[in-house]
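# Topology and contacts: notes
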Amino acid sequence: MSEHEPALIDDTYAEAFRSIYAEILITARDRRWLDHAVVAATGHASSTIMCDCEAGVDRYLSGTGDEATPDGRPGAIVQLHVPRFRKDREPHLEKTLLARISQNVLTCATARCFNRIDSEQRFRIGKKTSYFGDGYQFRDERFGRPVWVIPIMMGEFVLDRTFGFRDGIMGGNLWFMASNEDTALDAAERAAEAIAAFPGVIMPFPGGIASSGSKAGSRYRFLFASTNHPFCPTLKDSLGEESQVPDGVGSISEIIINGHDLETVRQATYAGIAAARSVPGLKRISAGNYGGRLGKNFIHLREASGHEATASATPSA
């Protein structure tokens, strides 16, 4: 294949699974302080392997016009997902939301926090956070909505009284198999930029890109996930036939996509494929799955642009 021919799209699928998620709107005086709040609220939230949730920015809002926010200030929509297969999923999501709002948003200068999901069942995050006010907190109507107001040293922290949640999707993914690390990163960056522009999804890993794809299980009994060794290019020679790294591939980057629903994640996936496919040196675009053992929501990569089979399927992870 010529260096400048479009990358092959493997005849495989990304295996997504169901989640429940909360969606919040953080606002602040300006973009600088909004970014500080977002970074804090979404920290340590790349993978539920060892994080309490997977969180990230859906999109930023200017605060006015078509991108209006309740208080007219710059805002960011943030999603926080936990797997639906957790038996304690709802209490766990509530605890996660409470911790991140009370410890990371309340403490950020000029920040406010609003609910984005109108569900029948809601978490009383506002009231629970308000106890920080030590009896000086009060309920009020601000920006046309019922809120709790907490006196703080810089002024007041305002947040909605309740926060909703609904079913979502986690685990959509794309693999970019390239000749070298720089090319793998370039392809992933282009895909991440296209996906970030797509409303309703987040990419929870740093910069939207995962460098350390994992597999289920480990040779160590205390780990339930470990490096995806068949797809580690530096192990290709030592693994022999066990390696599943195609010839000419020296680096594989990954993007994980969570979102509102399967169709939203699917369309974002296809936008990422279209943006990255023509990067010089990108050999193949693939995805990870577990043969349906993790989730029953499949995103078939070949449907991205109606391509006929142009490559044999990459073995599933």
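Parameters and conventions
- Residues numbered from 1 in each chain as written.
- Predicted model: local features only at pLDDT ≥ 70, side-chain atom pairs only at ≥ 80, totals over all residues.
- Heavy atoms only, no water.
- Helix = DSSP H or I, 4+ residues; strand = E, 2+ residues; numbered from the N terminus.
- Contact = heavy atoms within 4.5 Å.
- Polar contact = N/O pair within 3.5 Å; in protein donor to acceptor, adjacent residues only side chain to side chain.
- Axes fitted to C-alpha atoms, helices over the stretch in contact; angles between N-to-C directions.
- Parallel < 35°, antiparallel > 145°, perpendicular 65-115°, else oblique.
- Left-handed = near helix turned anticlockwise from the far one by under 90°.
- Nonpolar A, V, L, I, M, F, W, Y, C, P; charged D, E, K, R; others polar.
- Salt bridge = Lys/Arg side-chain N within 4 Å of Asp/Glu carboxyl O.
- Buried < 20%, exposed > 50% of the residue type's maximum accessible area, 1.4 Å probe, protein only.
- Domains from an automatic or database assignment.
- Buried area = accessible area lost by both parts, 1.4 Å probe.

## What to know about the environment of Ser-243
Considering the arrangement of structural elements, one finds Ser-243 in the loop between helix H5 (236-239) and strand S15 (251-259). As for Ser-243 and Pro-230, which are separated by 13 residues in sequence, their C-alpha atoms are 4.5 Å apart. Setting aside anything within four residues of it in sequence, one finds Ser-243 in contact with Pro-230 and Lys-236. Within polar-contact distance, the side chain of Ser-243 engages the backbone nitrogen of Val-245 at 3.3 Å.

## A closer look at the packing of helix H4 (residues 181-196) against helix H6 (residues 262-276)
Between H4 and H6, the least distance of the axes is 8 Å, while the angle of their chain directions is 140°. One finds that H4 runs oblique with respect to H6. Viewed along their axes, H4 and H6 form a crossing whose handedness is right-handed. For the pair formed by H4 and H6, the contact residues are Ala-187, Arg-190, Ala-191, Ala-194 and Ile-195 on the first element and Ala-268, Ala-271, Gly-272, Ala-275 and Ala-276 on the second. The class makeup of the residues in the contact of H4 with H6 is eight nonpolar, one polar and one charged.

## Quick look at the pattern of salt bridges
Enumeration over the complete set of coordinates arrives at 19 salt bridges. Residues Glu-23 and Arg-116 are paired through a salt bridge, measuring 3.4 Å at the closest nitrogen-oxygen approach. Note that Glu-23 is positioned in strand S2 (residues 13-27) and Arg-116 in the loop between strand S5 (112-115) and strand S6 (122-123), a separation of 93 residues in sequence. On the accessibility criterion, Glu-23 (3% relative accessible area) is buried. Arg-142 is paired through a salt bridge with Asp-140; the nearest N and O atoms lie 2.9 Å apart.

## Some thoughts on the domain arrangement of the protein chain
The assigned domain composition of the protein chain is domain 1 (8-15 + 169-306) and domain 2 (19-166). Placing a centre on the C-alpha atoms of domain 1 and another on those of domain 2 gives a separation of 30 Å. At the junction of the two partners, domain 1 supplies 19 residues and domain 2 supplies 19 residues. With both sides pooled, the region where domain 1 packs onto domain 2 buries about 1,300 Å², and carbon together with sulfur makes up 60% of that total. Area buried by domain 1 at its contact with domain 2 is led by Met-170, Ile-202 and His-260, which between them contribute 42% of it. Across the domain 1-domain 2 interface, the total number found is zero salt bridges.

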